[in-house]
Amino acid sequence: MIPRVFDYFDPTSTQGALDLLVKYGDDAKLLAGGQSLLPLMKLRLASPRVLVDLWRVAGLSYVREENGFIAIGAMTTHYTMHSSELVQNKIPILAQAAQVVGDPLVRNLGTIGGSAAHAAPNADYPAVLVALGAEFRILRSRGVRTVGAKEFFKDIFTTTLQGDEILSEVRIPIPPATSSGIYLKLSRRGTDFAVVSVAVLVKRRADGVCESADVALGGVGNVPVRATNAESLLQGQILTAQLIEQVGEAAVEGLDPPTDVHADSQYRIDVSKVYVKRALRAVWGEIS
Amino acid sequence: MVRTIRVTVNGQQYIEENVEPRLLLVHFLRDRLGLTGAHVGCDSTNCGACTVLFNGMAVKSCTILAVRAQDAHITTIEGLAPEGKLHPLQEGFWEKHGLQCGYCTPGMIMSGMQLLQRHPEPTEELVRRELEGNLCRCTGYQNIVEAILWAADKLKSEKSAEKR
């Protein structure tokens, strides 16, 4: 179908974009890769009166290493991310996630910033970015602010971004070389959103003991769920089959996933537990 | 808030006036330029029947605004080969019976173009993965995959023939 009529601007600078957001207020919406927003507009589920397209703004697409972080510009496409050697080598779990967003065609246009700002509950990045402890750099006319991943994702399709702000960069602390991470996603078909997904990052000491673990679940709530009980169980432990069972149980404690056309709540709980266990076995195997 | 769009499609430059921002690239190609090879299959950004090459990248032309085509280089199915000579991908679809109704085919071939550019010697598994953005209701995909693998071989032997 065809979107409703809208006014369209494609400024060449972030300042230009910010000015437009201030000028048009609630009427304006930013356009990044368009792979989430345009489908909504075509169905007329979203009909912003003004579109501010970021495609001409220079300097928003990059992947670079800075002071122990990997800094990724908000307009960096999924394809660029998963084919970046820097991401593959330093944060492989993020490359894994970038490779399963949508499909190869969507990945050519879709961006990490757009995807994060869209904050779909069954998207791929949110759980991974929470597990990685990512930071979000947000531009506004009166300056810059930085927000952590847990704070960034507030509710379903809702982030902390205000109407006059632009997400400009996602910064990820580089996990130590002794860590291993995996992103597992259950979807009915390759291109579907996640029914559930699991991001597990484990940092191990030389003696085999788990120094810390980050476990985040996607698709089981309005925002990614950090499995803090599971993480505490792992801390200071060596992995055993029994511990894996316990961690799996702990990870789904208190979960209240939605029931929808793709799966019911109990199924999501059951599969999340399986995926957490699988993820643990996989990362442990990799760094044993 | 209309714009004039200057774009090169299949090597030919076009200048189109009065382009509304909400005009989708697929409709621009089909209705303005008469290039009806890109098909509208789903309205939900799923099927990929509208796939074209946009500055070298395969994209779903139904999910990009025509105004983004400013100064772009676009290749559609119509631009794949000079008149009378099929591109190896097109030949492959013929040799391997990679189509039945043909609706998904232009999209499959354009995706195949990117696939072979990025992976000149793909495995079957990779072909299946890289075609995830293109749906087919008729064939069950088997012959499509074989057509692309056939084309990969053909391109490879054409390349070695050139070197000799």
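In short, a report on the structure. Quick caveat, the model's predicted, so the values are computed rather than measured. In this numbering scheme, every chain counts its residues from 1 along its sequence in written order. Written order determines the labels here, with chains lettered from A and ligands numbered from 1. Per-residue local features of the predicted model are confined to residues with pLDDT of at least 70, and side-chain atom pairs are confined, for both listing and counting, to 80 or more; whole-chain, interface and lining totals are unaffected and use all residues. Side-chain numbers here rest on the full set of heavy atoms in the structure, without hydrogens or water.

1. Topic: the overall build of chain A
- Of the regular secondary structure elements, chain A holds 12 helices and 14 strands.
- Only the C-alpha atoms count toward the radius of gyration. The rule for a globule is 2.2 Å times the residue count to the power 0.38. Since a compact globule built from 288 residues should have a radius of gyration of about 19 Å, the 19 Å found for chain A is in line with a globular shape.
- By principal-axis analysis of the C-alpha atoms, chain A measures approximately 60 × 45 × 30 Å.
- Per-residue burial for chain A yields a buried fraction of 56% across its 288 residues.
- In what follows, a contact means two residues having at least one pair of non-hydrogen atoms within 4.5 Å. Long-range pairs, those at least 24 residues apart, make up 63% of the contacts in chain A with a sequence separation of at least 6.
- Counting every atom, chain A has about 12000 Å² of accessible surface; 49% of that belongs to carbon and sulfur.
- Under this rule, positive means Lys or Arg and negative means Asp or Glu; His and the chain ends count for nothing. To locate a charge, take NZ of a lysine, CZ of an arginine, CG of an aspartate or CD of a glutamate. In chain A, 29 side chains carry a positive charge and 30 a negative one; their mean positions are 3 Å apart. By the criteria applied, helices consist of DSSP H or I runs no shorter than four residues and strands consist of E runs no shorter than two, each listed in order from the N terminus. Throughout this description, buried means an accessible area under 20% of the type-specific maximum (1.4 Å probe, protein chains only), exposed means over 50%, and partly exposed covers the range between. Here the accessible surface of atoms and residues is derived via Shrake-Rupley with a 1.4 Å probe, and residues count as covered only by protein chains that are part of the display.

2. Some details on the nonpolar core
- Grouping buried Ala, Val, Leu, Ile, Met, Phe, Trp, Tyr and Cys residues that are joined through side-chain atoms within 4.5 Å yields what is termed a nonpolar core. Of all hydrophobic cores here, the largest spans 38 residues; its most connected members are Leu94, Tyr125, Leu129, Phe136, Phe152, Phe153 and Ile172 of chain A.
- The biggest single contributor to this core is helix α8 (residues 125-132) of chain A, with seven residues.
- Here Phe152 of chain A is in contact with Ala116, Ala117, Phe136, Ile138, Val147, Thr158, Thr159, Thr160, Leu161 and Leu167 of chain A, once residues within four sequence places are set aside.
- One finds Leu38 and Met41 of chain A together with Val9 and Ala72 of chain B within the second-largest nonpolar core, a separate group that totals 35 residues.

3. Digging into the sheet that holds strand β4 (residues 63-66) of chain A
Residues and elements named next belong to chain A.
- DSSP-based pairing: two strands are paired if at least 2 bridges between them are found. Sheet architecture is open: five strands sit in the order β4-β5-β10-β6-β7, paired in antiparallel fashion. The open sheet terminates on both sides in strands that have one partner only, identified here as β4 and β7 (143-148). On average, adjacent strands in this sheet sit at an angle of 25 degrees to one another, irrespective of strand direction.
- The sheet contact formed by strand β6 (residues 135-140) and strand β10 (residues 165-173) spans six bridges and is antiparallel. Angles run from 0 to 180 degrees between N-to-C directions of axes, and those axes are lines fitted to C-alpha atoms, restricted for helices to the stretch in contact.

4. Focus: unusual backbone geometry
All names here are of chain A.
- With a phi angle near 55 degrees, Phe157 is a residue other than glycine that sits in the positive phi range.
- Tracing the backbone shows Phe157 in the loop between β8 (153-155) and β9 (158-159).
- A relative accessible area of 48% means that Phe157 is categorised as partly exposed.

5. A look at the interface of chain A and chain B
- Taken together, the contact between chain A and chain B spans 32 residues of the former and 30 residues of the latter.
- Put simply, buried area is the surface a 1.4 Å probe can reach on two separate parts but cannot reach once they are joined, added for both. The junction of chain A with chain B conceals about 2900 Å² of combined surface from both sides, 58% of it contributed by carbon and sulfur atoms.
- A carboxyl oxygen of Asp or Glu within 4 Å of a side-chain nitrogen of Lys or Arg is what we treat as a salt bridge. At the junction of chain A with chain B, the criterion picks out three salt bridges.
- When the shortest N-O distance is used, the salt bridge between Asp103 of chain A and Lys60 of chain B registers 2.5 Å.
- Here a polar contact is recorded for every N or O atom pair within 3.5 Å, except that within protein the pair must consist of a potential hydrogen donor and a potential acceptor, and residues adjacent in sequence are included only if both atoms are side-chain atoms. Scanning the region where chain A abuts chain B turns up 12 residue pairs in polar contact (both at pLDDT 80 or more).
- Contributions of two or more residues to the side of chain A that touches chain B are made by β1 (7-9), α2 (37-42), β3 (50-53) and α6 (104-109) of chain A.
- A per-element tally of the side of chain A that touches chain B places α6 of chain A first, with five residues.

6. Some words on the pattern of salt bridges
Residues and elements named next belong to chain A.
- A complete count under the given rule lists 28 salt bridges over all chains for this structure.
- Residues Asp164 and Arg142 are paired through a salt bridge, measuring 3.3 Å at the closest nitrogen-oxygen approach. Linking Asp164 in the loop between β9 and β10 with Arg142 in the loop between β6 and β7, this pair joins segments that are 22 residues apart in sequence.
- For Arg142, a relative accessible area of 58% corresponds to the exposed category.
- Arg145 is paired through a salt bridge with Glu165; the nearest N and O atoms lie 2.8 Å apart.

7. Regarding the pairing of strand β12 (residues 196-204) of chain A
Residue and element names in this part refer to chain A.
- For β12, the tally of buried residues reaches eight of nine residues, placing the bulk of the element in the interior.
- The pairing of strand β11 (residues 179-186) with β12 spans eight bridges and is antiparallel. Residue pairing across strands places Leu186 opposite Val196, the latter belonging to β12.
- As paired elements, β12 and strand β13 (residues 210-218) share eight bridges and run antiparallel to each other. Bridge assignment links Arg204 to a residue of β13, and that residue is Cys210.
- Connecting β12 to the antiparallel partner β13 that follows it, the hairpin turn spans five residues, and Gly208 within it adopts a positive phi of roughly 90 degrees.

8. A look at a nonpolar patch on the surface
- Exposure above 30% relative accessible area and the lack of any salt bridge qualify a residue for a patch; like charges then connect within 9 Å, and the nonpolar side chains Val, Leu, Ile, Met, Phe, Trp and Tyr within 5 Å. A cluster of nonpolar side chains, Met1, Leu43 and Leu45 of chain A, forms an exposed patch at the surface whose accessible area comes to about 320 Å².
- Inspection of the secondary structure assignment puts Leu43 of chain A in the loop between α2 and β3.

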